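# An overview of the molecular structure
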There are 4 protein chains.
Amino acid sequence: MGIVLGANQYGKAETRLVHVARAGEPHTLTDLNVSVALAGDLADVHLSGDNGHVLPTDTQKNTVYAFARQHGVASVEAFGLLLARHFVDSQEPIHAARVRLESYSWSRLGPHSFQRDGGEVRTATVTYDGSTATVVSGVTDLVLLNSTDSEFVGFIEDGYTTLAPTTDRILATAVTARWRHATADGDWDGSYAAVRSLLVEAFVGTYSRSLQQTLYAMGERVLTARPEVVEVRLAMPNRHHFLVDLSPFGLDNPNEVYFAADRPYGLIEGTVARDDAPAAGLAWW
Amino acid sequence: MGIVLGANQYGKAETRLVHVARAGEPHTLTDLNVSVALAGDLADVHLSGDNGHVLPTDTQKNTVYAFARQHGVASVEAFGLLLARHFVDSQEPIHAARVRLESYSWSRLGPHSFQRDGGEVRTATVTYDGSTATVVSGVTDLVLLNSTDSEFVGFIEDGYTTLAPTTDRILATAVTARWRHATADGDWDGSYAAVRSLLVEAFVGTYSRSLQQTLYAMGERVLTARPEVVEVRLAMPNRHHFLVDLSPFGLDNPNEVYFAADRPYGLIEGTVARDDAPAAGLAWW
Amino acid sequence: MGIVLGANQYGKAETRLVHVARAGEPHTLTDLNVSVALAGDLADVHLSGDNGHVLPTDTQKNTVYAFARQHGVASVEAFGLLLARHFVDSQEPIHAARVRLESYSWSRLGPHSFQRDGGEVRTATVTYDGSTATVVSGVTDLVLLNSTDSEFVGFIEDGYTTLAPTTDRILATAVTARWRHATADGDWDGSYAAVRSLLVEAFVGTYSRSLQQTLYAMGERVLTARPEVVEVRLAMPNRHHFLVDLSPFGLDNPNEVYFAADRPYGLIEGTVARDDAPAAGLAWW
Amino acid sequence: MGIVLGANQYGKAETRLVHVARAGEPHTLTDLNVSVALAGDLADVHLSGDNGHVLPTDTQKNTVYAFARQHGVASVEAFGLLLARHFVDSQEPIHAARVRLESYSWSRLGPHSFQRDGGEVRTATVTYDGSTATVVSGVTDLVLLNSTDSEFVGFIEDGYTTLAPTTDRILATAVTARWRHATADGDWDGSYAAVRSLLVEAFVGTYSRSLQQTLYAMGERVLTARPEVVEVRLAMPNRHHFLVDLSPFGLDNPNEVYFAADRPYGLIEGTVARDDAPAAGLAWW
């Protein structure tokens, strides 16, 4: 029996970069959170503390800032590709890189004035192994609610069942969606806007018999309309809204007054994919 | 020497109420967080544990839900007034009530579909002492940024100074503003929309020599335009954006690449008021 | 009618200072979060943006770090006093200072090794107006629970009451306590340890007919035993633990299985003081 | 080309269970957060909204509470095993279950009084596929710091390097460790206590040339001493403590005054395993 080093990675997480493009008015603002992870020939640093193959996380952070100046930030996906390729191609011991990016959106208030939108965050994860780059785009904290057109009936009942079937409930969730692109080339901003709209339209337009059905409809809608996407992964918590029993006060409650609960919550996770999707490689690292 | 009971209050905090108005299409959605505090003749419960003067916080929660059904939620201010008056007027031992409300806004996606906006939250604090009601409206987490037209020069320098003066910096803040109304009657939604716009316009339109100057301009703008408001209190953290030194990499940085810092942060707080404002009473409780 | 500047203050919030005392083994570790607020002759900066009376928040941060080196950190109270006095005494336009400190405790694992404790945080607020300094010590996030010896009966019942009286419930809370000292001199660490113990002992030892009764008992216990303390302010959320109804599954539940709820929660706040306490001055700023 | 359902799961997340064992004095307290995920023959619910194979997440929650009454909570691992086996063995369409548990520790203050410890959280993940159960124990938020005996030298330097090598720095991290057991039988509490101690001892006792080296030493220490453990996975953020430059104030800083930074942070993740470890199966689901 021996003890061995298994999978490992390291990098700088949550580098907060704000980039102002000032070439003429109006300014444009990019607000990112960038996390880098690198893997490769890193046995020595684990076994003996020899840092000869370690590109410091501090240097990774510097590179994020320098690249923003040198190349600008065309999109999270494009910026991630630049960084991932740089780390692997410039450092022999580094064999693979993953760059995760969050983009916080701001609304324009004036030529150099902005309001941060809050709510949903655009995401991207880019990986590169020295030959192949993969791109996964995404969105998180997209909070959606249908106040009707949702039911939940016909489920399993066992000795621990107390839930009553309902034919009219609130369906609310905070969507985290990630979608894998067929290739590492694309009109990233255009694709993002289209996919995001499709996800929302499918949530709004689906009469829901279960949150799983809604989830699948959202993924299917994207894949049907967007040939550049080959796989969609969704995580959708069921943000329960419980109808308050007002009968002790002599009041009815015709689906009008709800308690919005924090915990516990249902969590529905699923994948919708093309049956001929290319191999994922490092995409979901 | 004796030991005595001083100021005290109790209540139910953070009752999460979602109200769906379903009379015909489209539905409208109200999403609130309601916190009640009551004061009055409460010495006995502290000194001996006699609960005879205690309206349980559980009952307060029930009242929030029942009132939403009985009266609807016309606005956070109006709903708060109903609740505050109810608790004092219906319970002899309760002499004063404070109701704090947060309202989370949702954008319409369809006749019964919504997306939560995230970001800024509308607030209200209503107090009532058995005869006088006060209303303070507000907004919090309103994150604003000017990418230029901000300087900071001419400050005190002492033996602990390292900051260099700058004539062009990013000015970013998360505004918390609360404004006191002259009376407990009003077009609450109309007033809120107007005040919020004035705050934003003043932030955007002020060439800033300091965040304090911007703060005062925001309060002054509201008071000048809105006769129903008599006092504005603002808390504005300075969300520092530090220009990254790229010179070690042979790069300049003409106000383009910034590090958005978390902590520490400057915190600027101030009050702007009419010199003939009526007495505040319980307004800032 | 005119528009005027009212109460205002500014300062650097949340300066994170870690100090290692290395004089010989073992090392000792101090881990603080320091927030400064200053007030004074600050009309000009608000009205015209003239920063001539503004000691930058960046300088305040530098001062925190420099003072840690120059004076060490004997206790949060002593360190706050040094800082508060410095800002007012060294800058003519600054007339008052408030320094708030949080101290995160670490347990020793070895001569230079430590584990952060998590949970409760020691706090202090020091103010100084050029002549008088006040000291308020405190603790926050002290989470306590009694699994019996708590009842809640005899409360007001009205048309919105559904809560049943109970003679045996879990009583749980996260104590935030702040206590004002008679003077600005003291054995700060000794006093803190003693007061904290008294608070816990009173919570543990009181058969509770209401959380208010427990709160008062805690304050009274401190004032009775510690002559250096003149006023205690407590905020104690009622962290509800609801007995789960297991009867649908053919099971009883003899106060054994509980759901720990997040929101809403009761919030009990109160003050216990000596009737001959000196004037508070700026203590509760 | 077709569109297909891929990997999916659903369940109730974050059921908060507090269990009081009251058989005689003293009481003992168990405070858990339980998250269930189920997978199986769930195509229909995704494709058509047919819930016939869906055990509602509400029922899962009920089961957690009922099992606590029926079986007690001997340990997080044992309780997770009971639940995971129940869901799969009792429901034909459910083919696999994962139960994640967090346990919050409380210190005893009296026979029925407790203080929540804060800080580190004990965790467990149990999976079951109808025939094999796997158990992964863990700890998270274990914050450790060495104030010396840490260096970082000899790393790669490139055009984006500014970091200076250092032979004496603070090494601080918040350990998340998970370790896989060889079998689903064990003295869970005894094993947990032993592994946790070994992790801490290795952190404390290792002169660190890199955080990776410390990480590997921690995993190796566990595997060497504990035959029941076959694989250890560690995630250790580098909580940077930056030495403050006090030279502008005429002060030196002999590794005494530090700024504790929030973001960005290094993140080191790695696996240490036996070379003859049995196949992991669902262990890391």
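An unreviewed UniProt entry lists chain A under the name Uricase, with Luedemannella flava as the source organism. On record in UniProt, under Function (unreviewed entry), the comment for chain A is "Catalyzes the oxidation of uric acid to 5-hydroxyisourate, which is further processed to form (S)-allantoin."

## Describing the overall build of chain A
On a plain count of helices and strands, chain A comes out with 5 helices and 13 strands. Dimensions of chain A along its principal axes, counting C-alpha atoms only, are 75 × 65 × 40 Å. Among the 285 residues that make up chain A, the fraction classed as buried is 60%. Of the contacts formed within chain A by residues at least 6 apart in sequence, a portion of 65% connects residues at least 24 apart.

## Details of the relation of the copies chain D and chain C
Aligned on chain C, chain D shows an RMSD of 0.0 Å; the corresponding rotation is 180° and the shift along the axis is 0.0 Å. What the rotation and shift describe, once combined, is the action of a two-fold rotation axis. Across chain D, the rotation axis passes nearest the C-alpha of Gly118 of chain D, at a separation of 2.2 Å. The fraction of interface residues of chain D whose copies in chain C are also interface residues reaches 100%, indicating that both copies meet through the same surface.

## A look at the packing of helix α2 (residues 57–71) of chain B against helix α3 (residues 76–90) of chain B
Residue and element names in this part refer to chain B. At a minimum axis separation of 11 Å, α2 and α3 run at an interaxial angle of 125°. Between α2 and α3, the crossing angle belongs to the class labelled oblique. Pair α2 / α3 crosses with right-handed handedness. Residues Gln60, Thr63, Val64, Phe67, Ala68 and His71 of α2 touch α3, and the partners they reach there are Phe79, Leu82, Leu83, His86 and Phe87. Tallied by class, the residues present in the contact of α2 with α3 amount to 7 nonpolar, 4 polar and no charged.

## Quick notes on the interface of chain D and chain C
Between chain D and chain C, the contact holds 52 residues from the first and 52 residues from the second. Both faces combined, the contact of chain D with chain C buries some 4500 Å², and carbon together with sulfur accounts for 57% of it. The interface formed by chain D and chain C includes 6 salt bridges. The salt bridge involving Arg69 of chain C is made with Asp252 of chain D; its shortest N-O contact spans 2.6 Å.

## Digging into the interface of chain D and chain A
Counting from both sides, the interface comprises 75 residues of chain D and, opposite them, 75 residues of chain A. Interface area for chain D against chain A, summed over the two sides, is near 6300 Å², with a carbon-plus-sulfur share of 53%. Sorting the residues of chain D by area buried against chain A places Ile3, Ile156 and Tyr160 of chain D first, and these three jointly supply 12% of that buried surface. Counting across the interface, chain D meets chain A through 2 salt bridges.

## Focus on the pattern of salt bridges
All names here are of chain D. One pass over the structure, following the stated rule, counts 60 salt bridges over all chains. Where Arg196 meets Glu120, a salt bridge forms, and the shortest distance between an N and an O atom there is 2.5 Å. Placement of the pair is Arg196 in helix α4 (residues 188–205) and Glu120 in the loop between β6 (113–116) and β7 (121–128), with a sequence separation of 76 residues.

## Re the packing of helix α4 (residues 188–205) of chain B against helix α5 (residues 211–225) of chain B
Residues and elements named next belong to chain B. Across the interface, α4 lies against α5 with an axial gap of 8 Å and an inter-helix angle of 140°. As judged from the angle between their axes, α4 and α5 are oblique. As α4 packs across α5, the resulting crossing turns out to be right-handed. In this structure, α4 uses Val195, Leu198, Leu199, Glu201, Ala202 and Phe203 to contact α5, whose residues at the interface are Thr214, Ala217, Met218, Arg221, Val222 and Ala225. A per-class count over the contact of α4 with α5 returns 9 nonpolar, 1 polar and 2 charged.

## Overview of the domain arrangement of chain A
All names here are of chain A. Along its sequence, chain A is carved into domain 1 (8–131) and domain 2 (141–285). Put simply, the middle of domain 1 and the middle of domain 2, counted by C-alpha atoms, are 30 Å apart. Contact with domain 1, which involves 20 residues of that partner, is made by 10 residues of domain 2. At the boundary of domain 1 with domain 2, total buried surface from both sides reaches about 1300 Å², with 55% on carbon and sulfur atoms. When the buried area of domain 1 at its contact with domain 2 is split by residue, Glu120, Arg122 and Thr127 rank highest and sum to 40% of it. In this structure, the connection of domain 1 to domain 2 is made through 2 salt bridges. In this structure, the salt-bridge partner of Arg122 is Asp189, at a minimum N-O distance of 2.9 Å. At the boundary of domain 1 with domain 2, the tally comes to 6 residue pairs in polar contact (both at pLDDT 80 or more). When contributions to the side of domain 1 that touches domain 2 are tallied by element, the ones reaching two or more residues are β3 (28–40), α3 (76–90), β4 (94–103) and β7 (121–128). When its residues are assigned to classes, the side of domain 1 that touches domain 2 shows 8 nonpolar, 5 polar and 7 charged.

## Describing the packing of aromatic side chains
A complete count under the given rule lists 16 aromatic pairs over all chains for this structure. Plain terms: the ring middles of Phe67 of chain B and Tyr160 of chain C are 5.9 Å apart, the flat faces sit at 65° to each other, and that makes the pair edge-to-face. In this pair, Phe67 of chain B is assigned in helix α2 and Tyr160 of chain C in the loop between β8 (133–146) and β9 (171–181), connecting two distinct chains. Given the relative accessible area of 14%, Tyr160 of chain C is considered buried. Taken together, a centroid distance of 6.0 Å and an interplanar angle of 25° make the contact between Trp179 of chain C and Tyr192 of chain C stacked. With a gap of 13 residues between them, Trp179 of chain C in strand β9 and Tyr192 of chain C in helix α4 (residues 188–205) connect regions that are remote in the sequence. Overall, the relative accessible area of 9% leaves Tyr192 of chain C in the buried class. By the ring-pair criterion, three or more aromatic residues cluster together here, those being Phe67 of chain A, Phe249 of chain B together with Tyr160 of chain D. Over the face of the ring belonging to Trp284 of chain A we find Arg233 of chain A, whose NZ or CZ atom lies 3.9 Å from the ring centre.

## Comments concerning the relation of the copies chain D and chain A
Rotating chain D by 180° about the axis while translating it 0.0 Å along that axis superimposes it on chain A, leaving an RMSD of 0.0 Å. An overlap of 100% is found between the interface residues of chain D and their copies at the interface of chain A, pointing to a shared contact surface.

## A word on the confidence of the model for chain A
Keep in mind that low pLDDT regions are not for reading the predicted coordinates in detail. The pLDDT averaged across chain A works out to 97; a share of 100% of its residues lies at or above 70. Under the prediction, the complex receives an ipTM of 0.97, its pTM being 0.98.

## Some words on the pairing of strand β8 (residues 133–146) of chain D
Burial of β8 of chain D is extensive: 13 of the 14 residues sit out of reach of the surface. Relative to β8 of chain D, strand β6 (residues 113–116) of chain C runs antiparallel, the two sharing 3 bridges. From the neighbouring strand, Gln115 of chain C faces β8 of chain D, where its bridge partner is Leu144 of chain D. Examined bridge by bridge, β7 of chain D and β8 of chain D share 8 bridges and lie antiparallel to one another.

## Quick word on the environment of Met236 of chain A
Summarising the element assignment, Met236 of chain A is placed in strand β10 (residues 229–238). Measuring from C-alpha to C-alpha, the distance between Met236 of chain A and Ala172 of chain A comes to 9.1 Å, with 64 residues separating the pair along the chain.

## Describing helix α5 (residues 211–225) of chain D
With 15 residues, α5 of chain D should cover 21 Å at 1.5 Å per step; its first-to-last C-alpha distance of 22 Å lies within 8% of that length. Elements that come into contact with the buried residues of α5 of chain D comprise β1 (3–13) and α1 (43–47) of chain A together with β9 (171–181), α4, β10 (229–238) and β13 (265–274) of chain D.

## Observations regarding α3 of chain B
Its 15 residues place the ends of α3 of chain B 21 Å apart at the C-alpha level, agreeing with the 21 Å of an ideal helix rising 1.5 Å per residue. Every buried residue belonging to α3 of chain B is among Val76, Glu77, Phe79, Gly80, Leu81, Leu83, Ala84, His86, Phe87 and Val88 of chain B, and all of these are buried.

## A word on the environment of Ala39 of chain C
Residues and elements named next belong to chain C. Among the structural elements, Ala39 can be located in strand β3 (residues 28–40). For Ala39, a relative accessible area of 15% translates into the label buried. Distance in space between the C-alpha atoms of Ala39 and Ile94 is 5.8 Å, their sequence separation being 55 residues. Those residues within four positions of Ala39 in sequence are excluded, and the remaining contacts are Asn8, Pro93, Ile94, His95, Ala96 and Trp285.

What counts as what
Residues numbered from 1 in each chain as written. Chains lettered and ligands numbered in written order. Predicted model: local features only at pLDDT ≥ 70, side-chain atom pairs only at ≥ 80, totals over all residues. Heavy atoms only, no water. UniProt positions renumbered as here; feature names shortened; annotations may be inferred. Helix = DSSP H or I, 4+ residues; strand = E, 2+ residues; numbered from the N terminus. Buried < 20%, exposed > 50% of the residue type's maximum accessible area, 1.4 Å probe, protein only. Contact = heavy atoms within 4.5 Å. Least-squares fit on C-alpha atoms with pLDDT ≥ 70 in both. Axes fitted to C-alpha atoms, helices over the stretch in contact; angles between N-to-C directions. Parallel < 35°, antiparallel > 145°, perpendicular 65-115°, else oblique. Left-handed = near helix turned anticlockwise from the far one by under 90°. Nonpolar A, V, L, I, M, F, W, Y, C, P; charged D, E, K, R; others polar. Buried area = accessible area lost by both parts, 1.4 Å probe. Salt bridge = Lys/Arg side-chain N within 4 Å of Asp/Glu carboxyl O. Domains from an automatic or database assignment. Polar contact = N/O pair within 3.5 Å; in protein donor to acceptor, adjacent residues only side chain to side chain. Phe/Tyr/Trp six-rings, centres within 6.5 Å; stacked < 30°, edge-to-face > 60°. Lys NZ or Arg CZ within 6 Å of the ring centre and 35° of its normal. pLDDT = per-residue confidence, 0-100. Pairing = 2+ DSSP bridges. Expected span 1.5 Å × (residues − 1).

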